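# Structural characterization, general
Spelled out, the chains give:
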Amino acid sequence: MYTTAFLDLPPLLEAGGAVRLPGSKSISNRVLLLAGLSEGTTVVHDLLASDDTRVMLESLRLLGCDIQQSGDTVHITGLGGKLAVFKAELFLGNAGTAMRPLTAALAVLSATQGGMFELSGIPRMHERPIGDLVDALRPLGCDIECLGKEGYPPLRLRGGKLNLTAPIRVRGDVSSQFLTALLLALPLVTQDRALTIEVEGELISKPYIEITLNLLARFGIQVQREGWARFIIPQGCRYQSPGEIHVEADASSASYFIAAGAIAGIKEAVRVEGVGAASIQGDIRFVDAAQAMGAQVTSGPNWLEIRRGTWPLKAVDMDCNHIPDAAMTLAVMAMYAEGTTRLRNIASWRVKETDRIAAMACELRKLGATVVEGQDFIEVTPPAGAWQHATIHTYDDHRMAMCFSLAAFSPLAPKAPGQNISVRIDDPRCVGKTFPDYFETLFQVAQTNLDLIPVITIDGPTASGKGTLASALATRLGYKFLDSGSLYRVTALAAVSRSVSTDDEAGLEQLARKIGRELTLRFEAHHVWLDGCDVSDELRREVIGQTASKISAYPGVRQALVELQLSFRGMPGLVADGRDMGTVIFPDAGLKVFLTATVKERAERRYNQLISKGISANLEKICADLEARDLRDRTRAISPLVPATDARLLDNSALTIDQSVDTVLGWWVDGWPHVLVKS
Ligand code: DC
């Protein structure tokens, strides 16, 4: 998961290949609650690991369920309809799929068995209405107090006395989650009678109710449905664990890859595994919508393959009530369509993680679209020509971040082909709500030209702090990291251990060519593995550094390592440190930094480093050694250590690491978007 402040997406040119998507959020949280209410143990496979499922699992644990988790399989031993804990404070983040059903379940459980429960979330959760559910539960005798604003969480459930003789009524036109909450919870109190729920107003998002009914049936509860207005829960229901249950991949998450296929599946199809034509999720109907816009889709029971069909995409005028979440993806697909796309009947967008109609309109306009928004619709007309570079604000809304990643296919925009727009996604970690590895998965199927992938180079002499600076920058930007010195050190280590003489240029060149090929090389979490062995400590040895310094002067060795260094350039970007990153290896880097700390300062740093590791050291000797190395690096015939003509010099002698990182990050941010892409 990218946890950076922002993520710059390189312009993307094509999409293709297979992805397996994480489990459905709607199915995961319903299954967890049902398993938590059942008797016995349920083994849930392929559970979504995300913020919303984490808060549900944590709540069930606090309520006394036994939960054992290994990978994406969870064993849950449920309560069997009986409270095990009578007082609990549950924090539910921004998870509507946890807040609503837990409210209903705990309200009826505490009204029959006693107890007091508080349910709260993040500030946005406290702005998301729950009044219709509270209004449905209070007439049944549930004692529910809204602790902040009436009709909104946080809530306190204080028991009450259940009276089920009155009809149970719930509004269905704001969120279908209120009805889902009642359907999931009311089987708990059917000992004496069947219960009928009557829906007031036109029920929205019906497919989500189908998921609820489908999963209730898997747990032994057959609800009868009369149209979409009356739901009858039979007398004497008991939640029966199905033993094992598999969670389908999330159909809403699939929408981004379906869209990627429709926009950029030019030579190859995008294949989505884990969800397909047999899905019980309403958002699978997004496939029809994408087809209406031009996507070419083939499917099996649990897979989909999507290619570009009609191009440019066709603008549509569509009622999206049945696919509210996935419909957001259509709004961004509209940027690649001819004409104006109108998405109707989407009032529920306004009460989701953020006001999605307003958010979508604001961010699409940044790219240059013309957008008309209404209370329950949005109209998107793509820019008549070039798009604009945009920093996309994501409103702590996972779907905003995922949808707008599709704007990175801007070079394919029908009206401005070949444009390279920079799309900066703010707060990319918000995808953690449902799809923590979303961007990694996108980069698996998205393709671009290497020269469109941004590079920052950090060059400078020995012990100037390049490595520390470059690696911290890479972390802050979510970029890949190349410590090119380590490749020379690896070559030196391989030479020493194979007794290849430092005078044998041809032998060293041959050896260098094997690095990353016959001799496998892996970088992971500040460790380096060569041929399966962790050589991180060995590489830092003084003798290896000296050998590396010598052998790096041989043109053959340098040439042998070029391809390996270039191969580190990957999405979403690269920070590379060394001596010739900006001059020779990545001359097209968007930002080149050259460190110029004094020999004295560098020697002191090296000295302190060695002393802190308990290694004895002599400052004067270190100074002399650095000077000798500087001289060798500066005066060698090939790739001498010099700043690139367009490098920015940074004397970090008097700067802390954080100050250096902030300085370079500042240069990067100030130079945006021009430092990212050349054209
Ligand atoms: O940065 P370092 O000390 O780990 O690098 C080890 C040696 O490799 C160094 O003495 C110079 C050489 N080197 C080089 O010539 N070109 C690079 N791009 C990186 C390192």
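Placed above this text is the structure.
Given the structure is predicted, the values throughout are model-derived calculations rather than measurements.

Calculation notes
Residues numbered from 1 in each chain as written. Predicted model: local features only at pLDDT ≥ 70, side-chain atom pairs only at ≥ 80, totals over all residues. Heavy atoms only, no water. Helix = DSSP H or I, 4+ residues; strand = E, 2+ residues; numbered from the N terminus. Buried < 20%, exposed > 50% of the residue type's maximum accessible area, 1.4 Å probe, protein only. Contact = heavy atoms within 4.5 Å. Areas by Shrake-Rupley, 256 points an atom, 1.4 Å probe, with all protein chains shown as cover. Pairing = 2+ DSSP bridges. Axes fitted to C-alpha atoms, helices over the stretch in contact; angles between N-to-C directions. 1 Å grid on protein atoms, 1.4 Å probe; cavity = no way out; pocket = protein on both sides within 12 Å on 5 of 7 lines; lining within 4 Å. Points joined across faces, edges and corners; volume = space filled by probe spheres on them. Parallel < 35°, antiparallel > 145°, perpendicular 65-115°, else oblique. Left-handed = near helix turned anticlockwise from the far one by under 90°. Nonpolar A, V, L, I, M, F, W, Y, C, P; charged D, E, K, R; others polar. Expected span 1.5 Å × (residues − 1). Arc of directions from axis to C-beta. Near = heavy atom within 4 Å. Polar contact = N/O pair within 3.5 Å; in protein donor to acceptor, adjacent residues only side chain to side chain. Phe/Tyr/Trp six-rings, centres within 6.5 Å; stacked < 30°, edge-to-face > 60°.

Across its full length, the protein holds 23 helices and 35 strands. Each principal axis of the C-alpha distribution contributes one length, and for the protein these read about 95 × 60 × 45 Å. Buried residues in the protein amount to 58% of all 679 residues. Taking contacts inside the protein between residues at least 6 apart in sequence as the whole, the part at least 24 apart equals 76%. Put simply, the protein shows about 25,600 Å² of open surface, and 50% of that area lies on carbon and sulfur atoms.

Take the environment of Leu79 next. If you trace the backbone, Leu79 turns up in the loop between strand 6 (73-77) and strand 7 (87-91). Leu79 sits 14 residues away from Cys65 along the chain, and the two C-alpha atoms are 6.2 Å apart. Leaving out residues up to four positions away in the same chain, Leu79 has contacts with Gly36, Leu37, Ser38, Leu63, Gly64, Cys65 and Ala84.

For the rest of this paragraph, the subject is the sheet that holds strand 31 (residues 527-530). Judged by pairing direction, the sheet is antiparallel, and its three strands sit side by side in the order 30-31-32 without closing on themselves. Strand pairing shows two members of the sheet lacking a second neighbour, strand 30 (521-524) and strand 32 (533-534), which therefore form its edges. Strand direction decides the pairing type here: strand 30 and strand 31, joined by four bridges, are antiparallel. Among the inter-strand pairings, Glu524 is bridged to a residue of strand 31, identified as His527. The strands touched by helix 14 (residues 484-497) within the sheet are strand 30 and strand 31, with strand 30 carrying the most contacts at an inclination of about 135°.

Further remarks concern the layout of surface pockets. Sizing a probe to match a water molecule and rolling it over the atoms shows the empty space that remains. Put simply, the second largest pocket is a space of about 450 Å³. As for the second largest pocket, its lining consists of 23 residues, of which Arg20, Asp46, Val247, Glu248 and Ala249 are closest to the centre.

Bringing the sheet that holds strand 4 (residues 41-45) into the picture now. Paired through their backbone hydrogen bonds, the strands of a sheet run either parallel or antiparallel. Read across the sheet, four strands follow the order 5-6-4-15 without closing on themselves; strand pairing throughout is mixed. The open sheet is flanked by strand 5 (66-70) and strand 15 (244-246), the only strands paired with a single partner. The average angle at which neighbouring strand axes cross in this sheet is 15°, direction not considered. In this structure, strand 4 lies alongside strand 6, joined through four bridges in antiparallel fashion. Paired with Thr41 across the bridge in strand 6 is Thr77. Across the sheet, helix 1 (residues 25-37) touches strand 4, strand 6 and strand 15, and the angle it forms with strand 6 is around 30°. Helix 2 (residues 51-62) rests against strand 5 and strand 6 of the sheet, and its axis sits at about 145° to strand 5.

Attention now goes to the pairing of strand 12 (residues 195-200). Residue alternation in strand 12 divides its side chains into a buried set, Leu195, Ile197 and Val199, and an unburied set, Thr196, Glu198 and Glu200. Pairing of strand 11 (residues 168-171) with strand 12, which is carried by four bridges, proceeds in the parallel orientation. Looking across to strand 12, one finds that Ile168 is bridged to Ile197. As defined by bridge partners, strand 12 adjoins strand 14 (residues 230-233) across four bridges and the pair is classed as antiparallel. Residue Glu198 lies in a different strand from strand 14, and its bridge partner there is Arg230.

So, on to the packing of helix 14 against helix 15 (residues 505-514). Two quantities define a packed helix pair, namely the angle between the axes and the distance from one axis to the other. Where helix 14 contacts helix 15, the axes come no closer than 10 Å and their chain directions differ by 120°. Overall, the two elements helix 14 and helix 15 adopt an arrangement that is oblique. Our pair here, helix 14 against helix 15, has a crossing hand that is right-handed. Within the contact between the two elements, helix 14 uses Thr491, Ala494 and Ala495 and helix 15 uses Leu508, Leu511 and Ala512. Among the residues making up the contact of helix 14 with helix 15, the classes are represented as five nonpolar, one polar and no charged.

The next point concerns empty space enclosed by the protein. Enumeration over the complete set of coordinates arrives at six cavities of 30 Å³ or more. Within this model, the largest cavity holds a volume of roughly 310 Å³. Forming the walls of the largest cavity are 30 residues, and the residues nearest its centre are Thr97, Gln177, Tyr208, Asp325 and Lys352. Elements supplying a minimum of two residues to the lining of the largest cavity: helix 1, helix 3 (96-113) and helix 6 (206-218). Considering only residue class, the lining of the largest cavity consists of five nonpolar, 13 polar and 12 charged. Approximately 70 Å³ is the volume attributed to the second largest cavity.

The subject of this paragraph is helix 23 (residues 657-671). Between its first and last C-alpha atoms helix 23 spans 21 Å; for 15 residues at 1.5 Å apiece the expected length is 21 Å, and the two agree. Here helix 23 has its buried residues at Ser660, Val661, Val664, Leu665, Trp667 and Trp668. When helix 23 is viewed along its axis, its buried side chains cluster within an angular range of 150° and face the same direction. Those residues of helix 23 that are exposed and aimed more than 90 degrees away from the buried face are Asp658 and Asp670.

Take the environment of Ile357 next. Mapping Ile357 onto the fold places it in helix 10 (residues 356-367). With relative accessibility at 0%, the residue Ile357 sits in the buried group. With residues near it in sequence (within four places) discarded, Ile357 still touches Ile346, Trp349, Arg350, Glu373, Gly374, Gln375, Asp376, Phe377 and Ile378.

The next subject is the site of the ligand. Taken together, 15 residues lie around the ligand, and Ser484, Arg489, Arg558, Asp580 and Arg636 are the ones closest in. Between the ligand and Asp580, the relevant distance is 2.9 Å, taken from a nitrogen atom to a side-chain nitrogen or oxygen of the residue. Between the ligand and the protein, one listed contact pairs an oxygen atom with a side-chain N or O atom of Arg636 at 3.0 Å. Protein chains bury 97% of the 440 Å² of accessible surface belonging to the ligand in isolation. Taken together, the elements giving at least two residues each to the shell around the ligand come down to helix 14 and helix 17 (542-551). A per-element tally of the shell around the ligand places helix 14 first, with four residues.

The subject of this paragraph is the packing of aromatic side chains. Tallied over the entire structure, the rule returns 12 aromatic pairs. Summarising the aromatic geometry, the rings of Tyr2 and Phe443 are spaced 6.2 Å apart at their centres and angled 80° between planes, so their arrangement reads as edge-to-face. Residue Tyr2 is found in the segment before strand 1 (6-9), and its partner Phe443 is found in helix 12 (residues 438-445); the two are separated by 441 residues along the sequence. A single burial state applies to Tyr2 and to Phe443, both of which are buried.

Moving on, we get to helix 21 (residues 599-612). An ideal rise of 1.5 Å per residue puts 20 Å on 14 residues; helix 21 measures up with 20 Å between its terminal C-alpha atoms. Looking only at helix 21, the buried set comprises Val599, Arg602, Ala603, Arg606 and Leu610. Seen along its axis, helix 21 keeps its buried residues to an arc of 100°; they face one direction. Residues of helix 21 that are exposed and angled more than 90 degrees away from the buried face: Lys600 and Ser612. In this fold, the buried residues of helix 21 make contact with helix 17 and helix 22 (619-635). Backbone geometry just after helix 21 places Gly614 at a positive phi near 80°.

In short, shape yes, function no, at least from these values alone.
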